[in-house]
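# Observations on the three-dimensional arrangement
Here is how the chains run, residue by residue.
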Amino acid sequence: MNFDDLNFDHFMSLPSKIRRQVLNDPELLKIMVKKNLKESRYEHSLSVAKYARQLAKCHHVDEDKAYIAGLLHDCTKYFEESEHDAYLKYYDPDKLQYPESCKHSFSAKYYLKEKLNFHDRDILNAIYNHTICFSKDRLSVILYICDKREPLRKIDDDIMEMAKKDLYGAFRRLSWDVETYLREVKNEEFIGNSL
Ligand SMILES: [Fe+2]
């Protein structure tokens, strides 16, 4: 099989053996993710994956899961709001009230289930929680932090360093910063993290 032809839309037409192979191989997943995103968003996803793997190692979390969560977390970033809402109306209507900027984290969970038959609950849960983190699960907190502080974001603070030693302390501080940003810069209501 020529893996260069991999993409989300044709994935389910592949033999199940090949599908399993792709879902367990980050290098093959990268081929699909790259086709699905603009170059800058792809580079961001690679960076989130890399730093999520590092934080996972610090906190004894499955490093491969952290890397794959990072790669896939923005897979529905370019959906129209109506596309997010189509998934949310069917699977998760409570989330329809959330700001549009958060909806890609929710729709990604259902998109990955449908498009890739992807069912790793830990990874899906982390992706679901990467914009507003409702979860206390370490993998979710790691993805949340890395999405907001991977170095390509060029935000100069010590959250990533802090997170290596005190994951939940870094998370609480970052949540406060995001709350302020949404209120003061984007004028969006903040609905709150669970920690
Ligand atoms: Fe992201």
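Residues numbered from 1 in each chain as written. Predicted model: local features only at pLDDT ≥ 70, side-chain atom pairs only at ≥ 80, totals over all residues.

### Details of the overall build of the chain
Rule in force here: In this description a helix means any DSSP run of H or I spanning at least four residues, a strand means any run of E spanning at least two, and both kinds are numbered starting from the N terminus. Every C-beta atom is placed from the backbone, and the number of other C-beta atoms within 10 Å of a residue's own sets its class: buried at 20 or more, exposed at 12 or fewer, partly exposed in between.
Helix and strand content of the chain: 10 helices and 0 strands. Ordering the α and β elements of the chain from the N terminus gives α-α-α-α-α-α-α-α-α-α. Summarising its shape, the C-alpha atoms of the chain cover approximately 50 × 35 × 30 Å along the three principal directions. Every one of the 195 residues in the chain was classed for burial, and the buried ones make up 34%.

### Considering helix 4 (residues 63–72)
Put simply, the rule is: What counts as a contact here is a pair of residues whose C-beta atoms, placed from the backbone, lie within 7 Å.
Among the 10 residues in helix 4, 7 count as buried, and that is most of the element. Those residues of helix 4 that are buried lie in contact with helix 2 (26–36), helix 3 (39–58), helix 6 (100–116), helix 7 (121–128) and helix 8 (138–149).

### Concerning the nonpolar core
Put simply, the rule reads: Residues of type Ala, Val, Leu, Ile, Met, Phe, Trp, Tyr and Cys that are buried and joined through C-beta atoms within 7 Å form what is called a nonpolar core.
A52, A69, I142, L143 and I145 are the most contacted members of the largest nonpolar core, which has 42 residues in total. Looking at this core, the elements with two or more residues in it are helix 2, helix 3, helix 4, helix 5 (81–91), helix 6, helix 7, helix 8 and helix 10 (167–184).

### Notes on the environment of Y51
Counting through the fold element by element, Y51 comes out in helix 3. When the C-alpha atoms of Y51 and E150 are compared, they prove to be 6.7 Å apart, with 99 residues separating the residues in sequence. Once you skip the residues sitting within four places of it in the chain, Y51 turns out to touch C146, E150 and M160.

### As for the packing of helix 7 against helix 8
The geometry of a pair of packed helices is captured by two quantities: the angle between their axes and the separation between those axes. The condition that has to hold: The angle between two axes is taken between their N-to-C directions and runs from 0 to 180 degrees, where each axis is a line fitted to C-alpha atoms and a helix contributes only its stretch in contact. Any angle that is under 35 degrees is reported as roughly parallel, and any over 145 degrees as roughly antiparallel; angles of 65 to 115 degrees are reported as roughly perpendicular and all others as oblique. Handedness of a helix crossing follows the sense of rotation of the near helix relative to the far helix, less than a right angle counterclockwise being left-handed and clockwise being right-handed. Residues are sorted three ways: Asp, Glu, Lys and Arg are charged, Ala, Val, Leu, Ile, Met, Phe, Trp, Tyr, Cys and Pro are nonpolar, and all the rest, Gly among them, are polar.
Running from amino to carboxyl end, helix 7 crosses helix 8 at an angle of 40°, the nearest separation of the two axes being 8 Å. The orientation of helix 7 relative to helix 8 falls into the category oblique. Seen along the crossing, helix 7 lies across helix 8 with a hand that is right-handed. Judged by residue contacts, D122, N125, A126 and I127 of helix 7 engage L139, S140 and L143 from helix 8. Split by residue class, the contact of helix 7 with helix 8 holds 4 nonpolar, 2 polar and 1 charged.

### Focus: unusual backbone geometry
Unusually for a residue other than glycine, H60 sits at a positive phi of about 55°. Within the element layout of this structure, H60 appears in the loop between helix 3 and helix 4. Located in the positive-phi region is K154, a residue other than glycine, with phi close to 55°.

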